[in-house]
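Residue-level listing of the chains:
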Number of protein chains: 2
Amino acid sequence: MAGTNSEKPLLAEGPAIILVHPQLGENIGMVARAMANFGLAELRLVSPRDGWPSEKARAAASRADHVIDGAKVYDTTREAVADLQFVYATTARDRDGFKEVRAPGVAADTLRARFRAGQPVGILFGRERTGLTNDEIALADEIVTFPVNPAFASLNLAQAVLLMSYEWMRSGLESLDAVPFQAPEQPPATKTHLHGLFDHIEEALDARGYFRPPEKKPKLVENLRAMLTRPGFSLTEIQVIRGVISSLDRFTRDAPRGSLAAHETVRRKPNEAAPHDE
Amino acid sequence: MAGTNSEKPLLAEGPAIILVHPQLGENIGMVARAMANFGLAELRLVSPRDGWPSEKARAAASRADHVIDGAKVYDTTREAVADLQFVYATTARDRDGFKEVRAPGVAADTLRARFRAGQPVGILFGRERTGLTNDEIALADEIVTFPVNPAFASLNLAQAVLLMSYEWMRSGLESLDAVPFQAPEQPPATKTHLHGLFDHIEEALDARGYFRPPEKKPKLVENLRAMLTRPGFSLTEIQVIRGVISSLDRFTRDAPRGSLAAHETVRRKPNEAAPHDE
């Protein structure tokens, strides 16, 4: 059914994904889902074995209905690439011939540059078990292949499309370190806050006779401060640590927070004499 | 069944892939296959819903039996990460908390550096629909997430493992342009061969009166040579082109190669008078 849907405008999200003689509707559906995950939408099918439309494809697409609905069907691979200006063929194994073989990242960068220059581009994927024939590869400009484990090289169709779609999304990121969300910024607290933590801990420990013998106190303080400085604690973290110190300092197992005994205890400041000592 | 297979040595290929409460055996099998594609082999399962071993997992693994056979089962996520020194949690959505969120390539580089330094490392993947709980994420050092299309962000379990496994393989490549095979090198031919092509074509065309009017010949030759120079033809390609020119030059539709007429014709050199003209 060449020409089906030919009235639809070319979707502009990226390269056309062209499946040559795909066999199972499920695989076409998983391809559509993988495309949608990474923002691709233009799916072309060259005479799918089990016909089209396919309810199995729609079910496996997990709501990537816009890709399924927009799919165009062609009789031949030649027709499916006719309007494109640059085409990659994917293949898992070496072929005779003189076409350049590219890594996925390089291929995605090439596609991105040509796409930005207004050239319609596409990527050919072969049938499930046997891939593309040499005649089909001859329709492409270059070859793209994946750096798979040579001992276990078979990627399935949806996985191959997923990796190329992922590389396409990656090629459009301003930074490869970019993530869609991030933990709240946790810049280190000011030294005033850090030194407040030092004072708090050191006072609480000193009150307990921690720094003994006295001549070792400078070295023990130095080590303690080094340990508290290295992580670059944020203000929030310092507040958490000070809460922990306060809890350890002001309450005991026998007089936990909220108990009557604790109530009596916390009315005193640290180092203050207990009421019965007054 | 914590401790099952605990007598097996740690496989040294890369990070442990840890599936937390996976539901379907098929998904575990597809994970094993994705791992094998990119050279990973150490699979850990935290109380898989449908038990272990799983024939469905083995079938879906498409011969990645070494991964299935080596899988270890744990009762809790805490036990599954106990021997590791650095752990990533994968998540598709923002979480409360202060853990660093990394892009997959950055996470893979970090894992690779730590792995090379001898640290056992791992990556946590959550249950199929709901991912990891906050308690499970708390067991990890950092978070990794994928730059997916926000409008269609759900990656399935095997796809998520595939992408991280791919990034792991990628992080170990000396060059990101590296490909496992390449077309034979096709360096440009020497200028001697290029000029031989010029002479051949120009002579054949001249004999046919192509360069007319004569005063335009220098410009026509210049254009022809520019067109033949730009592609940087290899010696093999020049030989192919010269074969094409020879065929067009020496045979005709009426006297094709192999015909008696052609036999008569080719005994003459170009520009030589035909026998009946002698």
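Computed from a prediction, not measured in an experiment: that's the story for all the values here. (Residues numbered from 1 in each chain as written. Chains lettered and ligands numbered in written order. Predicted model: local features only at pLDDT ≥ 70, side-chain atom pairs only at ≥ 80, totals over all residues. Heavy atoms only, no water.)

Draft legend 1. Molecular detail of the pairing of strand S1 (residues 16-20) of chain B. Residues and elements named next belong to chain B. Across the five residues of S1, five count as buried, placing the element largely inside the fold. Side chains Ala 16, Ile 18 and Val 20 of S1 all project onto a buried face; the interleaved residues Ile 17 and Leu 19 project onto the opposite face, where all are buried too. Bridge count for S1 against strand S6 (residues 121-125) is four bridges, and the pairing is parallel. The residue bridging Ala 16 from the neighbouring strand is Gly 122, located in S6. As paired strands, S1 and strand S2 (residues 43-46) are joined by four bridges and run parallel to one another. Residue pairing in the sheet places Ile 17 in a bridge with Leu 43 of S2. Handedness of the S1-helix H1 (residues 25-37)-S2 crossover: right-handed. (Buried < 20%, exposed > 50% of the residue type's maximum accessible area, 1.4 Å probe, protein only. Helix = DSSP H or I, 4+ residues; strand = E, 2+ residues; numbered from the N terminus. Pairing = 2+ DSSP bridges. Right-handed = clockwise from strand over helix to strand, strands pointing away.)

Draft legend 2. Seen up close, the packing of helix H8 (residues 191-206) of chain A against helix H10 (residues 235-250) of chain A. All names here are of chain A. As a packed pair, H8 and H10 sit with axes 10 Å apart at the nearest point and diverge in direction by 15 degrees. Classified by the angle their axes make, H8 and H10 are roughly parallel. Classified by chirality, the crossing of H10 by H8 is left-handed. In this structure, H8 contributes His 193, Leu 194, Gly 196, Leu 197, His 200, Ile 201 and Ala 204 to the contact, and H10 contributes Leu 235, Ile 238, Ile 241, Arg 242, Ile 245, Ser 246 and Asp 249. The class makeup of the residues in the contact of H8 with H10 is eight nonpolar, four polar and two charged. (Axes fitted to C-alpha atoms, helices over the stretch in contact; angles between N-to-C directions. Parallel < 35°, antiparallel > 145°, perpendicular 65-115°, else oblique. Left-handed = near helix turned anticlockwise from the far one by under 90°. Contact = heavy atoms within 4.5 Å. Nonpolar A, V, L, I, M, F, W, Y, C, P; charged D, E, K, R; others polar.)

Draft legend 3. Broad picture of helix H5 (residues 104-116) of chain B. Here H5 of chain B is 13 residues long and its end C-alpha atoms lie 18 Å apart, about the 18 Å a rise of 1.5 Å per residue gives. For H5 of chain B, the complete set of buried residues consists of Pro 104, Gly 105, Ala 107, Ala 108, Leu 111 and Arg 112 of chain B. End-on, the buried residues of H5 of chain B take up no more than an arc of 160 degrees, which puts them together on one face. Contacts made by the buried residues of H5 of chain B are with helix H7 (157-171) of chain A together with strand S4 (86-90), strand S5 (101-102), S6, strand S7 (142-144) and helix H7 (157-171) of chain B. Gly 118 of chain B sits one or two positions beyond H5 of chain B and adopts a positive phi of about 90 degrees. (Expected span 1.5 Å × (residues − 1). Arc of directions from axis to C-beta.)

Draft legend 4. Focus on the interface of chain A and chain B. Between chain A and chain B, the contact holds 54 residues from the first and 54 residues from the second. For the pair chain A and chain B, the summed buried area comes to about 4,300 Å², and 62% of that belongs to carbon and sulfur atoms. In this assembly, chain A and chain B are joined by two salt bridges. The closest approach of N and O atoms between Arg 170 of chain A and Glu 167 of chain B, which form a salt bridge, is 2.9 Å. Joining chain A to chain B, the criterion identifies 10 residue pairs in polar contact (both at pLDDT 80 or more). Only helix H1 (25-37), strand S5 (101-102), helix H5 (104-116) and H7 of chain A provide two or more residues apiece to the side of chain A that touches chain B. (Buried area = accessible area lost by both parts, 1.4 Å probe. Salt bridge = Lys/Arg side-chain N within 4 Å of Asp/Glu carboxyl O. Polar contact = N/O pair within 3.5 Å; in protein donor to acceptor, adjacent residues only side chain to side chain.)

Draft legend 5. Here's a closer look at H1 of chain B. Its 13 residues give H1 of chain B an end-to-end C-alpha distance of 19 Å, which sits within 8% of 18 Å, the value for a rise of 1.5 Å per residue. Along H1 of chain B, the residues that are buried comprise Gly 25, Asn 27, Ile 28, Gly 29, Val 31, Ala 32, Arg 33, Ala 34, Met 35, Ala 36 and Asn 37 of chain B. Residues of H1 of chain B that are buried in the fold lie against H7 of chain A together with S1, S2, helix H2 (55-60), helix H3 (65-70) and H7 of chain B.

Draft legend 6. Looking closely at the environment of Glu 13 of chain B. All names here are of chain B. Here Glu 13 lies in the segment before S1. For Glu 13, a relative accessible area of 35% puts it in the partly exposed group. As a C-alpha pair, Glu 13 and Phe 38 span 25 residues in sequence and 9.9 Å in three-dimensional space. Not counting residues up to four positions away in its chain, the partners in contact with Glu 13 are Gly 39, Leu 40, Ala 41, Phe 115 and Trp 168.

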